[in-house]
Amino acid sequence: MSLLHHTVRQDPFAELSRFRSEFYSCLTRRADALFELADAVLCADGPVRSLVELSLVGEHRRGHGGLYDALAAGRVGVARLRRALATVPLPRAADGRLVLAADITCWLRPDAHTSPQRILCHTYGRGKDQHIPVPGWPYSVICVLETGRSSWTAPLDALRLAPGDDAATVTAGQMRELVDRLVSAGQWHNGDPDILIVVDAGYDVPRLAFLLRDLPVQVLGRMRSDRVLRRAAPPREPGTRGRPPRHGGEFVFGDPATWNTPDAVTVTETRLYGAAAARAWDRLHPRLTHRSAWTAQLGALPVIEGTVILLQVERLPGGATPKPVWLWWSGTDATDIQVDLLWQAFLRRFDIEHTFRLFKQTLGWTCPKIRTPEAADRWTWLILAAFTQLRLARPLAADLRRPWEKPAPADRLTPARVRRDFRHLRPKAACPAGAPKPSRPGPGRPPGRKNTRPIPRHDVHTVRKTGITKPKAKKSTSPRPRRTG
């Protein structure tokens, strides 16, 4: 079953030229150098390995000094660029809704001691069964999901997390502004299906749904398998005294005896996973406490009801033992068709990992050794604008495959293959950047004179606990049991 389908306007060249002109108008300082830098990323032969090598690309007519100066002193109108990204054609689900995926990816800078605002970022696969924190700049990226099994997404926004930011709060504010831009751009109208937001287990899904409760959105996310939710409070019997209960019985993910009969059951045959069985239980909510993110909440904490979906597959493509996947949806009264659409939308969320891999391994997002976080934000928006041009050039590119590669249909070209032909498409699209003016390099520091203004060094931000902490008591090594009472 195909969950999503892709829609493209009739004149792709006009759409590509319009976005390139709009992108150039968003560059308010060092505009020509920044614009040609983005074109060099798209027209380079092979992956981008270093920033200085982009100055050797034929489409970049300036020297390496102008390249670094553009990133250090250039200026990008981020607000206007965000509005421009919201107006491009976007893929939609089968029922016409937009499906947004949010995730955090890190630009690791472990040795950049002179770079401020670095945070310890969680990494995976750097040790055996270990999550090693590495200093870097984490970015929250929001993309529109593509159709079926694809490596394409539509990135619309990127925001760097500052030290001390809460991921759920920052993502909620970022998502709120994006939804407002989509409504202003005509991507959503009154009467359309709600926008579906898909996140992974790193987010507090009920809290994200609570922060976005006044928007036309629904939130779907994965929960850990050790969670315990509560059912709705039972009806109060007449004549009962005392405060009415706010929570019902427990729903323990790890205890099937507490599940009872599901409200919806579906079984779907898939090519890679065999039989995919989904069960849904309606109106389950977490029992909140005045801790962590809810510390500042005054009064009684809310009861955030939703639907829990348990997905179990028959096999995995790699031969590993499949584990159950627990999902929480902010809607209620889900039908069998909705349950199938929801778990398929969650599986499509992992397509954003292909976009991150392309950013880092092909477009060279994390290869520059940039010192300031402001320059890192500038380079990040250039990468997003470059990838958007690749997506708009999809119906125009030819398949320039290598002799050992299999031919691909015109509608199934990967971003890397579209990038190979972008050099031939660029002269036919708008190129508003002007020619460079002749100049001479500055004299620089006189020989023999030392640097009298050393760059300050910055520590990595770490979360510190407030209050006085008592030292941990040493464990007794005596075999005798501890006396109590």
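Conventions we followed
Residue indices follow the written sequence of each chain, beginning from 1 at its first position. Side-chain atom pairs in this predicted model are given and counted only at pLDDT of 80 or more, local residue features only at pLDDT of at least 70, and totals for whole chains, interfaces and linings cover all residues. Hydrogen atoms and water are omitted, and side-chain values are computed over all heavy atoms in the structure. Segments assigned H or I by DSSP are reported as helices when at least four residues long, segments assigned E as strands when at least two residues long, and all are numbered from the N terminus. Buried means the residue's accessible area, taken with a 1.4 Å probe over protein chains only, is under 20% of the maximum for its type, while exposed means over 50%, and partly exposed covers the values in between. Should any heavy atoms of two residues lie within 4.5 Å, those residues are considered in contact. Definitions used for this entry: grid spacing 1 Å over protein atoms alone; cavity, a set of points where a 1.4 Å probe fits but cannot get out; pocket, an open set with protein on both sides within 12 Å along at least 5 of 7 lines; lining residue, one with an atom within 4 Å of a point. Grid points are joined across faces, edges and corners, and a volume is the space filled by probe spheres set on the points. All residues other than Ala, Val, Leu, Ile, Met, Phe, Trp, Tyr, Cys, Pro, Asp, Glu, Lys and Arg, Gly among them, are scored as polar; the first ten of these are nonpolar and the last four charged. Between the N-to-C directions of two axes lies an angle of 0 to 180 degrees, each axis being a line fitted to C-alpha atoms and, for a helix, fitted only over the stretch in contact. Roughly parallel covers angles under 35 degrees, roughly antiparallel covers those over 145, roughly perpendicular covers 65 to 115, and oblique covers all other angles. Crossings are classed by handedness, with left-handed meaning an anticlockwise turn of the near helix from the far one by less than a right angle and right-handed meaning a clockwise turn. In this text, buried Ala, Val, Leu, Ile, Met, Phe, Trp, Tyr and Cys residues form a nonpolar core when linked through side-chain atoms within 4.5 Å. Known as pLDDT, the predictor's confidence for each residue is given on a scale from 0 to 100. To estimate how far a helix should reach, multiply one less than its number of residues by 1.5 Å. The handedness rule is simple: strands pointing away from the viewer, and a clockwise path from the first strand over the helix to the second, make the crossover right-handed. Any two strands with at least two DSSP bridges between them are considered paired. Classification of ring pairs uses Phe, Tyr and Trp, with its six-membered ring standing for Trp, and accepts pairs whose centres are within 6.5 Å; under 30 degrees between planes counts as stacked, over 60 as edge-to-face, and the remaining range as tilted. Criterion for a charge above a ring: Arg CZ or Lys NZ at most 6 Å from the ring centre, at most 35 degrees from the ring normal. Any Lys or Arg side-chain nitrogen found within 4 Å of a carboxyl oxygen on Asp or Glu counts as a salt bridge.

Caption draft 1: Region of interest: the overall build of the chain. Secondary structure summary: the chain contains 11 helices and 16 strands in total. Overall, the chain is about 90 × 60 × 45 Å in size when its C-alpha atoms are taken along their principal axes. Split into buried and exposed, the 485 residues of the chain put 44% on the buried side. Intrachain contacts of the chain at a sequence separation of at least 6 include 68% that bridge at least 24 residues.

Caption draft 2: Spatial organisation of the layout of surface pockets. Empty space within the second largest pocket amounts to approximately 390 Å³. As for the second largest pocket, its lining consists of 13 residues, of which R62, G66, P436, K437 and S439 are closest to the centre. Those elements giving two or more residues to the lining of the second largest pocket turn out to be α2 (31-43) and α3 (64-73). Residues that form the lining of the second largest pocket fall into these classes: three nonpolar, five polar and five charged.

Caption draft 3: Inspection of the packing of helix α1 (residues 12-25) against α2 at higher detail. For the pair α1 and α2, the least separation of the axes is 9 Å and the interaxial angle reads 140°. By the angle class used here, α1 and α2 are oblique. By crossing handedness, the relation of α1 to α2 is classed as right-handed. Across the interface between the two elements, R20, F23 and Y24 of α1 pack against A31, D32, F35, A38 and D39 of α2. Here the residues of the contact of α1 with α2 are counted per class, giving five nonpolar, no polar and three charged.

Caption draft 4: Expanded view of unusual backbone geometry. One non-glycine residue with positive phi stands out, namely N260, at about 65°. Positive phi is not limited to glycine here, since D333 has a value of about 55°. By the element assignment, D333 lies in the loop between β16 (325-329) and α7 (336-348). For D333, a relative accessible area of 49% gives the class partly exposed.

Caption draft 5: Representation of the nonpolar core. Within the largest apolar cluster, 105 residues are counted, with the highest numbers of intra-cluster contacts made by F23, L54, M175, L182, V308 and W379. For this core, the leading source of residues is helix α9 (residues 373-392), giving 12 residues. Not counting the four nearest positions on each side in its chain, L182 is found in contact with A86, L90, L98, L100, L156, Q187, W188 and I195. In this structure, A93, I309, L327 and W343 belong to the second largest nonpolar core, which totals 21 residues.

Caption draft 6: Looking closely at the confidence of the model for the chain. Across the chain, pLDDT averages 88, with 92% of residues at or above 70. For the chain, strand β1 (residues 4-5) is the element with the lowest average pLDDT, namely 42, and β16 is the one with the highest, namely 97.

Caption draft 7: Spatial organisation of α2. In this model, α2 (13 residues) spans 18 Å end to end at C-alpha, consistent with the 18 Å of a helix rising 1.5 Å per residue. Counting buried positions along α2 yields 12 of 13 residues, so the element is predominantly enclosed. All of the buried residues along α2 are A31, A33, L34, F35, E36, L37, A38, D39, A40, V41, L42 and C43.

Caption draft 8: Spotlight on the pairing of strand β10 (residues 217-223). Most of β10 sits inside the fold, with six of its seven residues counted as buried. Once the chain exits strand β9 (residues 195-199) it traverses helix α6 (residues 205-211) before rejoining the sheet at β10, and the crossover so formed is right-handed. Pairing geometry for β10 and β16, over four bridges, is antiparallel. Each bridged residue has a counterpart across the sheet, and for L220 the counterpart in β16 is W329.

Caption draft 9: Up close: the side chain of Q389. For Q389, the position within the fold is in helix α9. Not counting residues within four places of it along the chain, the set of residues in contact with Q389 comprises L16, F19, R20, F23, D39, L42 and F422.

Caption draft 10: Region of interest: the pairing of strand β15 (residues 306-313). Buried residues dominate β15, accounting for six of its eight residues. In the sheet, strand β14 (residues 274-285) pairs with β15 via seven bridges, with the strands oriented antiparallel. Residue pairing for β15: A278 is matched across the bridge by L311. Pairing of β15 with β16 involves five bridges; the strand directions are antiparallel.

Caption draft 11: Summary view of the packing of aromatic side chains. Within the structure shown, the criterion is met by 17 aromatic pairs. Relative to F35, the ring of Y24 lies with its centre 5.6 Å away and its plane at 85°, an arrangement referred to as edge-to-face. Remark: F35 occurs in helix α2 and Y24 occurs in helix α1; sequence separation between them is 11 residues. Overall, the relative accessible area of 1% leaves F35 in the buried class. Grouping aromatic residues by their ring pairs yields a cluster made of F251, F253, W259, W281 and W326. Taking NZ or CZ as reference, R349 lies 4.6 Å from the ring centre of F350, over its face. Over the ring of W152 we find R394; its NZ or CZ atom is 4.6 Å from the centre of that ring.

Caption draft 12: Geometry of empty space enclosed by the protein. For the structure shown, the criterion picks out two cavities of 30 Å³ or more. In this structure, the second largest cavity occupies an estimated 40 Å³ of space. For the lining of the second largest cavity, the element with the most residues is α9, which contributes three residues.

Caption draft 13: The arrangement of the pattern of salt bridges in detail. This structure, assessed with the given rule, holds 28 salt bridges. A salt bridge links R349 to D200; the shortest N-O distance between them is 3.6 Å. With R349 in the loop between α7 and α8 (352-361) and D200 in the loop between β9 and α6, this pair connects stretches of sequence that are 149 residues apart. Each member of the pair, R349 as well as D200, carries the same accessibility label: buried. Measuring nitrogen to oxygen at the nearest pair gives 2.9 Å for the salt bridge that ties R420 to E405. Here R420, found in helix α10 (residues 415-420), pairs with E405, found in the loop between α9 and α10; they are 15 residues apart in sequence, far enough to count as distant. Classification of R420 by relative accessible area gives partly exposed; the value is 25%. It is possible to trace a salt-bridge network through shared partners that takes in D103, D200, R222, R349 and E353.

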